[in-house]
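Listed below, chain by chain, are the residues.
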Amino acid sequence: MLKVQEIREIIKLIDQSSIDEFSYEANGTKVSMKKQQEQVVTEAVQPQQAVQAQPKPQTQEPAQSKEVEQEPAVEEAPKADTPSSDYDAEIKSPMVGTFYVSPSPDQDAYVKLGDDVKEDSVVCIVEAMKLFNEIEAEVSGEVVEILVKDGELVEYGQPLFRVKSK
């Protein structure tokens, strides 16, 4: 069973993201979360009992407007740089979580601009629910653009790197 603190952490991540629904199931326990009318509804179901918790309403509009303001800024940068628009593939996030460029703050980044990667090269870590997931390139080539900053929250399918094949 998930601890209360872990559930709170998940609620925060869901609240900060643009996803509307989240489900997790392990060891016969299922947790489902849906955003509804400016609040996050959490439902945890064990094999023989049901628990439903509703945290106090939180306004979503400021968080969404911040995301809207940030996204165009990120997308405008590649359009301004002519070399960065020259890429063949994007490495995308396979999950929602926090993006990290290195295994720990005191170590070097897995990849830097201009580095060559292979399909099995680890390019970053995405932390989800206190689990650190190594993300592999799945393409071969040169990293021509890093689209996310260290410590930023990323969405499922969000482009993280752009790679030019050689």
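Residues numbered from 1 in each chain as written. Predicted model: local features only at pLDDT ≥ 70, side-chain atom pairs only at ≥ 80, totals over all residues. Heavy atoms only, no water.

1. Thoughts on helix H1 (residues 4-16)
Since the α-helix advances by 3.6 residues per turn, residues separated by three or four positions end up pointing in the same direction.
Thought 1: Look at H1: 18 Å from first C-alpha to last across 13 residues, which is about the 18 Å you get at 1.5 Å a residue.
Thought 2: Those residues of H1 lying buried are Ile7, Ile10, Ile11, Leu13, Ile14 and Asp15. (Helix = DSSP H or I, 4+ residues; strand = E, 2+ residues; numbered from the N terminus. Expected span 1.5 Å × (residues − 1). Buried < 20%, exposed > 50% of the residue type's maximum accessible area, 1.4 Å probe, protein only.)

2. Description of the nonpolar core
Side chains of nonpolar character tend, in soluble globular proteins, to be buried together.
Thought 1: Residues Ile91, Phe99, Val117, Val123, Cys124, Leu160 and Phe161 are the most contacted members of the largest nonpolar core, which totals 16 residues.
Thought 2: Of all elements in the fold, only strand S8 (122-128) and strand S12 (159-164) reach the threshold of two or more residues within this core.
Thought 3: The residues contacting Ile91, other than those within four sequence positions of it, are Val123, Ile135, Glu136, Ala137, Val139, Gln158, Pro159, Leu160, Phe161 and Val163.
Thought 4: In this structure, Ile7, Ile11, Phe22 and Val31 belong to the second largest nonpolar core, which totals seven residues. (Core = buried A, V, L, I, M, F, W, Y, C linked by side-chain atoms within 4.5 Å. Contact = heavy atoms within 4.5 Å.)

3. What to know about the confidence of the model for the protein chain
Predicted coordinates in regions of low pLDDT should not be interpreted in detail.
Thought 1: Within the protein chain, residue pLDDT values average 75, and 69% of them lie at 70 or more.
Thought 2: Taken together, the stretch residues 59-84 has pLDDT below 50 and engages in 16 contacts with residues farther than four places along the chain or on a different chain. (pLDDT = per-residue confidence, 0-100.)

4. Notes on the pairing of strand S9 (residues 131-136)
Thought 1: Here six bridges tie S8 to S9, and the two strands are oriented antiparallel to one another. In the sheet register, Ala128 faces S9, and the bridge partner there is Leu131.
Thought 2: Hairpin connection, S8 to S9: the antiparallel pair is bridged by two residues, and Met129 has positive phi, about 55°. (Pairing = 2+ DSSP bridges.)

5. Considerations on a negative patch on the surface
Thought 1: The grouping of Glu119, Asp120, Glu134, Glu136 and Glu138 at the surface amounts to a negative patch.
Thought 2: Tracing the sequence through the fold places Glu136 in strand S9. (Patch = residues over 30% accessible without salt bridge, like charges linked within 9 Å, V, L, I, M, F, W, Y side chains within 5 Å. Areas by Shrake-Rupley, 256 points an atom, 1.4 Å probe, with all protein chains shown as cover. Salt bridge = Lys/Arg side-chain N within 4 Å of Asp/Glu carboxyl O. Lys, Arg positive; Asp, Glu negative; His and termini not counted. Charge placed at Lys NZ, Arg CZ, Asp CG, Glu CD.)

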